[in-house]
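Coordinate inspection notes
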Amino acid sequence: MPCFFARFGVLSLPMWYTAAMKDNHGAIIPLLLTWYDAHKRRFPYRDSGNPYYVWLSEIMLQQTRTETVTPYFTRFIARFPTVEELAGAEETEVLKAWEGLGYYSRARNLLKAARLIAQQGFPTTAEALQQLPGIGPYTAAAVASIAFQQPVPAMDGNLNRVIARLFNVGDNIGRPAIKRLLYEKGQSLIPLDRPGDMNQALMDLGATICLPGTPECHRCPLQKACLAYLEGEPDTLPVMDA
């Protein structure tokens, strides 16, 4: 593994990396999925098994808080219940249904993507989903894992924070080497049988317990497996550029 760091100009392994290599993956996955099954947040698009619902919700959640999205999502699918009906709509209709969510380029890209999906079918991998308008790496990974059970980590702020703490990653997460390390650790946490649930479990943990600044470690189901809690100061992580 030192050769990985050497490629990025790091000549010796930092102490946090040695700690992070301890094999706590086996404990994390079942603990977190058990917690998720009991405490997951309830949304109208969650557990639907409908790729259209998953994709639509992830586009709405870009730059918009979860509690704001839920009523808009419900109204939107009442107006456009399938991707085919959305694809056949006029842009003015879609913008009207989107009204109040802001960032209207999302709605325009949603319509463009719906028309492609209606013609070609839903892409099922993160790589293919990124070819659609309005879909970046995070959204592609979220849709691929939740809707199509592809084992890819959906790396956003929540996952970066949770993973940095779980493995006590004390270096700046903006550095390319550390971004790659976090992705690889995230990938190692995604089980083949429940990838979407694991991504959503990590998201929920970051949104409700492993909070920025002051994590509520006393409530965390991963407390005994978290290297930052056991060996460091989780409230100081992740380290980011000022």
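Above this text is the structure in question.
Figured I'd write up the structure that's included with this text. (Residues numbered from 1 in each chain as written. Predicted model: local features only at pLDDT ≥ 70, side-chain atom pairs only at ≥ 80, totals over all residues. Heavy atoms only, no water.)

A look at the overall build of the protein chain
In terms of regular secondary structure, the protein chain is built from 14 helices and zero strands. Going residue by residue from the N terminus, the α and β elements of the protein chain occur as α-α-α-α-α-α-α-α-α-α-α-α-α-α. Counting over 242 residues, the protein chain shows a buried share of 49%. Within the protein chain, residue pairs in contact and separated by at least 24 positions form 66% of the contacts whose partners lie at least 6 positions apart. For the protein chain, the exposed area adds up to about 11,600 Å²; of that, 55% sits on carbon and sulfur atoms. (Helix = DSSP H or I, 4+ residues; strand = E, 2+ residues; numbered from the N terminus. Buried < 20%, exposed > 50% of the residue type's maximum accessible area, 1.4 Å probe, protein only. Contact = heavy atoms within 4.5 Å. Areas by Shrake-Rupley, 256 points an atom, 1.4 Å probe, with all protein chains shown as cover.)

Some details on the packing of helix α4 (residues 51–61) against helix α5 (residues 66–79)
Contact pair α4 / α5: the axes reach a minimum separation of 10 Å and the direction vectors enclose 135°. On the basis of their axis angle, the class for α4 and α5 is oblique. As for how α4 packs across α5, the hand of that crossing is right-handed. For the pair α4 and α5, contact is made by Tyr 52, Tyr 53, Leu 56, Ser 57, Met 60 and Leu 61 and by Thr 66, Val 69, Tyr 72, Phe 73, Phe 76 and Ile 77, respectively. (Axes fitted to C-alpha atoms, helices over the stretch in contact; angles between N-to-C directions. Parallel < 35°, antiparallel > 145°, perpendicular 65-115°, else oblique. Left-handed = near helix turned anticlockwise from the far one by under 90°.)

Focus on the pattern of salt bridges
Per the stated rule, a full pass over the model turns up twelve salt bridges. A salt bridge links Arg 108 to Glu 91; the nearest nitrogen and oxygen atoms lie 3.6 Å apart. With Arg 108 in helix α8 (residues 105–120) and Glu 91 in helix α7 (residues 91–98), this pair connects stretches of sequence that are 17 residues apart. With its nearest N and O atoms 2.8 Å apart, the salt bridge here joins Asp 197 to Arg 194. In the salt-bridge network here, residues are joined through shared partners; they are Asp 37, Arg 194 and Asp 197. (Salt bridge = Lys/Arg side-chain N within 4 Å of Asp/Glu carboxyl O.)

So, unusual backbone geometry
Cis geometry marks the peptide bond from Leu 237 to Pro 238, where omega comes out at 0°. Mapped onto the elements, Pro 238 comes out in the segment after α14 (227–231). One non-glycine residue, Gln 63, adopts positive backbone phi at about 65°. Note on placement: Gln 63 falls in the loop between α4 and α5.

Notes on the side chain of Asp 156
Its place among the elements puts Asp 156 in the loop between α10 (137–148) and α11 (157–166). No salt bridge is formed by the buried Asp 156. Its closest oppositely charged neighbour is Arg 161, at 7.4 Å. A polar contact is formed between the side chain of Asp 156 and the backbone nitrogen of Asn 158, at a distance of 3.2 Å. (Lys, Arg positive; Asp, Glu negative; His and termini not counted. Polar contact = N/O pair within 3.5 Å; in protein donor to acceptor, adjacent residues only side chain to side chain.)

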